[in-house]
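# Report on the structure
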Amino acid sequence: MRGQFTGWPEQAMDVLWQLQGEPTHATRERYRADRERLVRQPMIALLNEIADTDPRYEDFSVWHYRTDSWWWQHQGAVIRLGRKIEIGLRFDLDGLRIQGAWWYPDPGQVDMFRKAVASEGSGRELSAIVEDVRKKGYDISGDVMKRPPRGYPTDHSRTKLLRHRSLIAARPLGCEEWLHTSEAVDRVRSAAADLDALLMWLVRHVKRAA
């Protein structure tokens, strides 16, 4: 029976505090069990709760620690919605952060994205979606070319979007008391709803490589 999410214990912050900087191998091993119990396992419980709300969210992964100290200091997780299209979560000393991303594209996906952006109907739709997400407080970023891609007019009305080779919308959710309660589930659900139109546009238009 999987554990129900009740928030990250306050001691989780203490563990992450001990892992700041460049912790030695001995320090990592000393805190490994506590980090698993207090930091990673709550993230798994959170993702299970989120998956129960929508069958699209059932394919998820919660990362292990690897060898780089960064992975010990930041607990990451992803919910996969399509090929290279996902919701990402990160818990660390700054609190909880969410992003919706299409990145590290497969061959052919960038061409599919550009064609959809250039098309009047789908392109206008994406432009409006991105602007709406931006107004909700999300930073829009990605791998962006300095110039418009070949084959598209330099004065295209959506030239900024055409320059993208990946697209990411991200924002911090905060580091308040709700992190230590089940309220975090509702916070993540609300943020996932903010990102839904963007991610579903990407699923429709770039899910499969050409």
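Overview of the structure. (Residues numbered from 1 in each chain as written. Predicted model: local features only at pLDDT ≥ 70, side-chain atom pairs only at ≥ 80, totals over all residues. Heavy atoms only, no water.)

### A look at the overall build of the protein chain
Along its length, the protein chain carries seven helices and six strands. Across its three principal axes, the protein chain shows a C-alpha extent of roughly 60 × 35 × 30 Å. Out of the 210 residues belonging to the protein chain, those deemed buried represent 48%. Counting only contacts in the protein chain whose residues sit at least 6 apart along the sequence, the fraction spanning at least 24 positions is 66%. Carbon and sulfur atoms form 48% of the exposed surface of the protein chain, whose accessible area is close to 11100 Å². Taken together, the 33 basic and 30 acidic charged side chains of the protein chain have centroids lying 8 Å from each other. (Helix = DSSP H or I, 4+ residues; strand = E, 2+ residues; numbered from the N terminus. Buried < 20%, exposed > 50% of the residue type's maximum accessible area, 1.4 Å probe, protein only. Contact = heavy atoms within 4.5 Å. Areas by Shrake-Rupley, 256 points an atom, 1.4 Å probe, with all protein chains shown as cover. Lys, Arg positive; Asp, Glu negative; His and termini not counted. Charge placed at Lys NZ, Arg CZ, Asp CG, Glu CD.)

### As for the sheet that holds strand β4 (residues 95–102)
Taken in spatial order, the six strands of this open sheet run β1-β2-β3-β4-β6-β5, and their pairing is antiparallel. Lying at the two open borders of the sheet, with one neighbouring strand each, are β1 (60–62) and β5 (139–141). Sheet twist, expressed as the average angle between the axes of neighbouring strands with direction ignored, equals 15°. Looking at chain direction, strand β3 (residues 85–92) and β4 are connected through eight bridges and run antiparallel. Each bridged residue has a counterpart across the sheet, and for I85 the counterpart in β4 is W102. (Pairing = 2+ DSSP bridges. Axes fitted to C-alpha atoms, helices over the stretch in contact; angles between N-to-C directions.)

### Re the nonpolar core
By size, the foremost hydrophobic cluster in this structure holds 58 residues, and its most contacted members are M43, L46 and F91. The dominant element in this core, judged by the number of residues it contributes, is helix α7 (residues 183–206), at 13 residues. The residues touching M43, leaving out its near neighbours within four places in the chain, are W8, V62, Q75, A77, L89, R90, F91 and L96. (Core = buried A, V, L, I, M, F, W, Y, C linked by side-chain atoms within 4.5 Å.)

### A closer look at unusual backbone geometry
A positive phi angle is found at K84, which is not glycine, with a value near 70°. By relative accessible area, K84 is classed as partly exposed at 27%. Positioned with a positive phi, Y104 is a non-glycine residue whose angle comes to about 45°. Looking at the element boundaries, Y104 is found in the loop between β4 and α4 (109–118). With a relative accessible area of 61%, Y104 lands in the exposed category.

### Considering the pairing of β3
For β3, the tally of buried residues reaches seven of eight residues, placing the bulk of the element in the interior. Linking two consecutive strands that pair antiparallel, namely strand β2 (residues 75–82) and β3, is a turn of two residues; a positive phi of about 70° is found at K84 within it. Hairpin geometry of β3 and β4 is characterised by an intervening segment of two residues between the two adjacent antiparallel strands.

### What about a negative patch on the surface?
Among the surface-exposed residues, E10, D14, E176 and E177 lie close enough to one another that they form a single negatively charged patch. On the secondary structure map, E10 appears in the segment before α1 (11–18). (Patch = residues over 30% accessible without salt bridge, like charges linked within 9 Å, V, L, I, M, F, W, Y side chains within 5 Å. Salt bridge = Lys/Arg side-chain N within 4 Å of Asp/Glu carboxyl O.)

### Focus: the side chain of D92
Structurally, D92 can be placed in strand β3. Of note is the side chain of D92, whose polar atom sits 2.7 Å from the side chain of H74. Within polar-contact distance, the side chain of D92 engages the backbone nitrogen of D94 at 2.9 Å. If we ignore the near neighbours within four places in the chain, the residues touching D92 are M13, L16, Q73 and H74. (Polar contact = N/O pair within 3.5 Å; in protein donor to acceptor, adjacent residues only side chain to side chain.)

### Quick notes on the packing of helix α5 (residues 120–135) against α7
Where α5 contacts α7, the two axes come as close as 9 Å, and the packing angle between them is 155°. With respect to their mutual orientation, α5 and α7 come out roughly antiparallel. Of the two possible hands of crossing, α5 and α7 adopt the one that is left-handed. Contacts between α5 and α7 involve S122, E125, L126, I129, V130 and V133 from the first element and D194, L195, A197, L198, W201, R204 and H205 from the second. Counted by class, the contact of α5 with α7 contains eight nonpolar, two polar and three charged residues. (Parallel < 35°, antiparallel > 145°, perpendicular 65-115°, else oblique. Left-handed = near helix turned anticlockwise from the far one by under 90°. Nonpolar A, V, L, I, M, F, W, Y, C, P; charged D, E, K, R; others polar.)

### What about α7?
One turn of an α-helix holds 3.6 residues; hence residues three or four places apart share an orientation. The terminal C-alpha atoms of α7 lie 33 Å apart, and with 24 residues this matches the ideal 34 Å at 1.5 Å per residue to within 8%. Of all the bends in α7, the greatest, near 45°, is centred on L195. (Expected span 1.5 Å × (residues − 1). Bend = angle between axes of the 7 residues up to and from the residue.)

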